[in-house]
Amino acid sequence: QKEVEQDPGPLSVPEGAIVSLNCTYSNSAFQYFMWYRQYSRKGPELLMYTYSSGNKEDGRFTAQVDKSSKYISLFIRDSQPSDSATYLCAMWRGAQKLVFGQGTRLTINP
Amino acid sequence: GAGVSQSPSNKVTEKGKDVELRCDPISGHTALYWYRQSLGQGLEFLIYFQGNSAPDKSGLPSDRFSAERTGGSVSTLTIQRTQQEDSAVYLCASSLAADTQYFGPGTRLTVL
């Protein structure tokens, strides 16, 4: 069993839809949770970073962490074609080594 | 400011040849990471350098893979006797704080 599980998709939604991306994990030692966005032929860039359970909002993006269920989510409101990318969840247990999910390929159709 | 840079951006080589991939981290970042991303896969950790400490090599898939970091800055990932399964995008990242990593654009390696 992988430490971090993420549905690779692909996921295709119409412009303006609410997108929900999710990851589950097995190691309760993970303390920090991140979402990276990776455009085609580019390196990943940090999008959201959360520490505790609960929600964190940044513009159209909301990151949600449920440590009791070992489940994290990224919500994108009013999705735009420019949001089309691969989204990778990542987790850190303070040992300087991030563990990444497989990534979900998202396409927003105009 | 300048981000993480990697060279070459693309590398095509023949099976059995050695290749060297270069990473220039963000100036002042003490930590440097190498990852491998195969088609449709997530990021596979390869190796991690932190300051002058011994590197964490736990992710290197075989002894054909090695990496060094000179002067706490530039890093080179070397793959000896390349195999077709080594074809992937090799990503480098650097960080100052323990949590936020900044990635380069990657080197796309194709082994024929």
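Our structure's up above, just so we're on the same page.
Owing to the predicted nature of the structure, the values given are computational and were not obtained by experimental measurement.

Engineer: I'd like a description of the environment of lysine 56 of chain A, backed by residues and values.
Structural biologist: Residue and element names in this part refer to chain A. Mapping lysine 56 onto the fold places it in strand β6 (residues 54-58). For lysine 56, a relative accessible area of 38% corresponds to the partly exposed category. Note: C-alpha distance between lysine 56 and leucine 74 (18 residues apart in sequence) is 9.6 Å. Here tyrosine 49 takes part through its backbone oxygen, which lies 2.7 Å from a polar atom of the side chain of lysine 56.

Engineer: So what about the side chain of threonine 104 of chain A? Which residues, and what values?
Structural biologist: All names here are of chain A. With respect to the helices and strands, threonine 104 occurs in strand β11 (residues 104-109). We classify threonine 104 as buried; its relative accessible area is 6%. A polar atom in the side chain of threonine 104 sits 3.2 Å from the side chain of glutamine 6. The residues contacting threonine 104, other than those within four sequence positions of it, are Gln6, Asp7, Pro8, Gly9, Leu11, Leu21, Ala85, Thr86 and Tyr87.

Engineer: Hey, could you go over the pattern of salt bridges for me, with residue numbers and the actual values?
Structural biologist: Residues and elements named next belong to chain B. Taken as a whole and assessed by the stated rule, the structure comprises 6 salt bridges over all chains. We note a salt bridge from glutamate 44 to arginine 36, for which the minimum N-O separation is 3.0 Å. Looking at arginine 36, the relative accessible area reads 10%, which means it is buried. When the shortest N-O distance is used, the salt bridge between aspartate 86 and arginine 64 registers 2.8 Å. Note that aspartate 86 is positioned in the loop between β7 (75-79) and β8 (88-95) and arginine 64 in the loop between β5 (43-50) and β6 (65-69), a separation of 22 residues in sequence. We note that aspartate 86, like arginine 64, is buried.

Engineer: How would you explain the sheet that holds β6 of chain B if you had to name every residue and give the values?
Structural biologist: As a general point, the strands of a sheet are linked pairwise by backbone hydrogen bonds and lie either parallel or antiparallel. Residues and elements named next belong to chain B. Taken in spatial order, the 4 strands line up as β1-β3-β7-β6 in an open sheet, and their pairing is antiparallel. Either end of the sheet is taken by a strand with one partner, and the two such strands are β1 (5-7) and β6. When strand polarity is set aside, the average angle formed by the axes of neighbouring strands in this sheet is 15 degrees.

Engineer: Please give an account of the packing of aromatic side chains that cites residues and values.
Structural biologist: Residues and elements named next belong to chain A. For the structure on display, the rule yields 13 aromatic pairs over all chains. Look at tyrosine 32 and tyrosine 49: their rings are 6.1 Å apart centre to centre, the planes differ by 35 degrees, and that puts the pair in the tilted class. Placement of the pair is tyrosine 32 in strand β4 (residues 32-38) and tyrosine 49 in strand β5 (residues 45-50), with a sequence separation of 17 residues. What makes tyrosine 49 partly exposed here is its relative accessible area of 22%. One cation-aromatic arrangement involves lysine 67 over tyrosine 51; the distance from NZ or CZ to the ring centre is 5.1 Å.

Rules of the game
- Residues numbered from 1 in each chain as written.
- Chains lettered and ligands numbered in written order.
- Predicted model: local features only at pLDDT ≥ 70, side-chain atom pairs only at ≥ 80, totals over all residues.
- Heavy atoms only, no water.
- Helix = DSSP H or I, 4+ residues; strand = E, 2+ residues; numbered from the N terminus.
- Buried < 20%, exposed > 50% of the residue type's maximum accessible area, 1.4 Å probe, protein only.
- Polar contact = N/O pair within 3.5 Å; in protein donor to acceptor, adjacent residues only side chain to side chain.
- Contact = heavy atoms within 4.5 Å.
- Salt bridge = Lys/Arg side-chain N within 4 Å of Asp/Glu carboxyl O.
- Pairing = 2+ DSSP bridges.
- Axes fitted to C-alpha atoms, helices over the stretch in contact; angles between N-to-C directions.
- Phe/Tyr/Trp six-rings, centres within 6.5 Å; stacked < 30°, edge-to-face > 60°.
- Lys NZ or Arg CZ within 6 Å of the ring centre and 35° of its normal.

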